[in-house]
Structures are given as C-alpha cells and as structure tokens.
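Structural overview
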Amino acid sequence: MKLFYEGVEITPRVSINRCVTETFAENRADRLFIRFNDAAGLWDKWSPKRGDKIQFNDEAADTGAMFVREIKPENGLLTIIASSAPLSCDTVNSRTWEGIRLFKLCTDIAERHGLTFKPYGLTDQIYSYIQQENMTDLEFLNRRCQLEGAALVIYDGNLVVYDEHAREEGLASGQIRLGVDAVFEFNDRSAEAFGSVEIINGRYRGQFTDPNGPQDRVLRPAHPIECSSNTEALRFARSLLRAANKNAVTGSFRRPLERQYAAGSVLELVTEKAPSWGGKIFVTRTRHDFLTGETKIFFRKPLEGY
C-alpha cells in the first residue's frame, strides 16, 4: 500500500485501520474511505482540510488524485472521505448556450474545475440551444450525456465521457468464475422494461422501438425534452430508452480482493450454480476493501442493439 497526501508519501508515518475504495461507471464520482489509528493526535498537527489532495494505490488499484470531502476525528481514530470530483463541482449554476458542440461544452465544464476532458467513442454533436438551470455542472452534464447514450466519470484529474453502447460491445478484458460457494445476487426486472419511447416537442417528434421489448409499455418523458429537429428527437429517444432499460438485468458478487477491476470493465462471467446467468457483463460499480481483502462487483447485462 502507498498513500500520498498533498503529493507526499506518508505511508510509513500512519497506521491504516480501514481502507475502502469505490469506483462508479456513471453518475457518481469515485470515492475513498480511509480510517487511521491516531491515538497520538498526529493528524491534528498536520491540519488536514477539505479540498486537500489524497491518493491511494495498492498494486493494480489506484484511486488517482482525489479531494478530501470529510474529516472525522473520534476516540483515537481519524476518518477521511475523499472524492475524485473537485469541491467546485458542488456549486449550482445557471447558463444558456447557443450553437455549441458537445466537445466544447464538456471542455469548458472540465476546465472550470481544473479537469481535462477525454472523449471515447463519442460523436461531437451540435446543439442550437441548451439551458442549465439551478444545477451543478455535473448534474447538468450527466443529463446531457444521458440524452446522447453516454456516461460521465471523473478519474485522476480527467473528465471522461464515453459512449455506453460502444463500451459494452467491446471484448471482455477478463473472465470471472463463481464457484459453488460463491456469494452472489442476480436480479431480473425485464418485465418492467419499456418497448418504445416517444418524444414530442412542438413540431418535432422522435420515436424509438426495441423490437425485443414489451410493446405495450411506452415510455413518455415526464418533462419536455428540448430538441431542434426530428433527427435530434429520434437520437434522444433512442438514448432515453437505453437509460430506462439498461438496468433490467443486474447483479453483484463478492470475491477475494480483485485489484485489477474497476467500474466500466467488460468481463465474462461464469457461474457454476446458475450457468444461465453467465456471459458478458458490464461492471457498474466496484468496492475494494483492502484490510478485509474483499472485492464486491456490481454489474448489468449489456443491452443488445442500442
């Protein structure tokens, strides 16, 4: 294990009582929970504060640069909770844009928070008009990404936006086998999926249908979706159906520590007790506990066709 605080390795000077890292494939910033034995009050002398940079790595697992969010001293212990998102990401903003491209929008938001924008598999769409109203930049950009079938993550100073379908269609990077004694849970909510979605906004209309979905279930957005053409409305409809249906089949399982896996990984799952649940999975979240030596992986089955 190695721990860096404000760029200085402090591993030999601290006693780690607990260390848990969490990675997310969408909507949330990665998280570090680390607790120290601190009977001598060493941390109080160091004066840690919100916004300080901290980084933990253990072989293949590396949080990248993170930002301290909470500091909790208690009874000879000190807990630090950190996030990959800078504190500035909590600020609520209102803005409008005209004739702006997706990549420019992402770059501007990334730079506002000291991040570097990195796109993967995306098309640089152009928007005639978009509005951010009383939302944080990440809330706003997450909604925009959802309309494009994309997802946003922050890692080590980078704001990464990737096409979900393209990522899920990639080759599996490894295989995980769950034996007869494995601890796992699978959920199938396919009956709650939608067969189609329809967007109507003034003179523009877009409808997208999943031929394999239940055709009697039509998704109609609760709020108007701003669009400037039928083509854009159709693209948004496709993405909204993906967002509604992508978590139809999900699951989780526990393993001895698997440092090499992070959210966004594509894996091949083999399970001896429930072989029909095997196949390609997309990792949506991981939780590594480095003191107990356990990993919990959360996943969904990739959507086919969109």
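Anyway, here's the lowdown on the structure attached to this text.

Definitions and limits used
Per-chain numbering applies: the sequence of each chain, read as written, is numbered from 1 onward. The model is predicted, so local features are restricted to residues of pLDDT at least 70 and side-chain atom pairs to those at 80 or more, both for listing and for counting; the totals for chains, interfaces and linings are taken over all residues. In computing side-chain properties, one takes all heavy atoms of the structure into account and sets aside hydrogens as well as water. Accessible area is worked out with a 1.4 Å probe on protein chains only. A residue is then buried under 20% of its type maximum, exposed over 50%, and partly exposed in between. By definition, any uninterrupted DSSP run of H or I lasting at least four residues is a helix, any uninterrupted run of E lasting at least two residues is a strand, and each is numbered from the N terminus. Should any heavy atoms of two residues lie within 4.5 Å, those residues are considered in contact. Polar contact criterion, stated in full: a pair of N or O atoms within 3.5 Å, where within protein one must be able to donate a hydrogen and the other to accept it, and residues adjacent in sequence count only if both atoms are side-chain atoms. To estimate how far a helix should reach, multiply one less than its number of residues by 1.5 Å. Strand pairing requires that DSSP identify at least two bridges connecting the strands. Angular values range over 0 to 180 degrees, each being the angle between N-to-C directions of two axes fitted as lines to C-alpha atoms, with helices fitted over their stretch in contact. Working definition: roughly parallel below 35 degrees, roughly antiparallel above 145 degrees, roughly perpendicular at 65 to 115 degrees, and oblique for all remaining angles. Gly falls in the polar group here, along with every residue not listed as nonpolar (Ala, Val, Leu, Ile, Met, Phe, Trp, Tyr, Cys, Pro) or charged (Asp, Glu, Lys, Arg).

**Focus on helix H3 (residues 137–147)**
A turn of α-helix holds 3.6 residues, and therefore any two residues three or four places apart point the same way. Most of H3 is tucked away: eight of the eleven residues are buried. Among the residues making up H3, those that are buried are Asp137, Leu138, Phe140, Leu141, Asn142, Arg144, Cys145 and Leu147. Summarising the contacts, the buried residues of H3 are in contact with strand E9 (92–101), helix H2 (102–112), strand E11 (126–136), strand E12 (150–155), strand E13 (158–163) and helix H5 (230–245). The positive-phi residue at the C-terminal boundary of H3 is glycine 149, with phi of around 65°.

**Comments concerning the side chain of arginine 300**
In this structure, arginine 300 sits in strand E22 (residues 294–300). A residue is classified by how much of its surface remains accessible, and arginine 300, at 1% relative accessible area, is buried. At a separation of 2.8 Å, a polar atom in the side chain of arginine 300 contacts the side chain of glutamate 168. Once you skip the residues sitting within four places of it in the chain, arginine 300 turns out to touch Glu26, Glu164, Glu168, Arg242, Lys246, Asn247, Val249, Thr250, Ile281, Phe282 and Thr284.

**Quick look at H5**
The terminal C-alpha atoms of H5 lie 23 Å apart, and with 16 residues this matches the ideal 22 Å at 1.5 Å per residue to within 8%. All buried positions along H5 are accounted for by Glu232, Ala233, Phe236, Ala237, Ser239, Leu240, Leu241, Arg242 and Asn245.

**Some remarks on the sheet that holds E13**
Reading across from one edge, E10-E13-E12 is the order of the three strands in this open sheet, with mixed pairing throughout. Every other strand in the sheet has two partners, leaving strand E10 (116–120) and E12 as the edge strands with one partner each. Strand-to-strand twist of the sheet, defined as the mean angle between neighbouring strand axes without regard to direction, takes the value 20°. In this sheet, E13 lies alongside E12 in antiparallel orientation, the contact comprising six bridges.

**A closer look at the environment of asparagine 17**
Mapped onto the fold, asparagine 17 is located in strand E3 (residues 15–24). Sequence separation between asparagine 17 and aspartate 44 is 27 residues, and the spatial gap between their C-alpha atoms is 17 Å. Once residues within four sequence positions are removed from consideration, asparagine 17 is found in contact with Arg35, Phe36, Asn37, Leu77 and Leu291. Side chain to side chain, asparagine 17 and asparagine 37 meet in a polar contact 3.1 Å long.

**Overview of the sheet that holds strand E18 (residues 218–219)**
Taking strand neighbours across the sheet as the criterion, the three strands line up as E17-E16-E18 in an open arrangement whose pairing is mixed. Of all strands in the sheet, those bounded by a partner on one side alone are strand E17 (204–209) and E18. As judged from the six bridges shared by strand E16 (residues 196–201) and E17, these two strands associate in the antiparallel manner. Within E17, the residue paired with valine 197 across the bridge is phenylalanine 208. Taken strand by strand, H5 contacts E16, E17 and E18, and its axis lies near 40° from that of E17.

**Some words on the packing of H3 against H5**
Axis angle and axis distance: for two packed helices, these are the angle between their axes and the distance between the axes, and together they describe the pair. Running from amino to carboxyl end, H3 crosses H5 at an angle of 105°, the nearest separation of the two axes being 7 Å. Considering the angle they form, H3 stands roughly perpendicular to H5. Between H3 and H5, the contacting residues are Arg144, Gln146 and Leu147 on the first element and Arg235, Phe236, Ser239, Leu240 and Ala243 on the second. The class makeup of the residues in the contact of H3 with H5 is four nonpolar, two polar and two charged.

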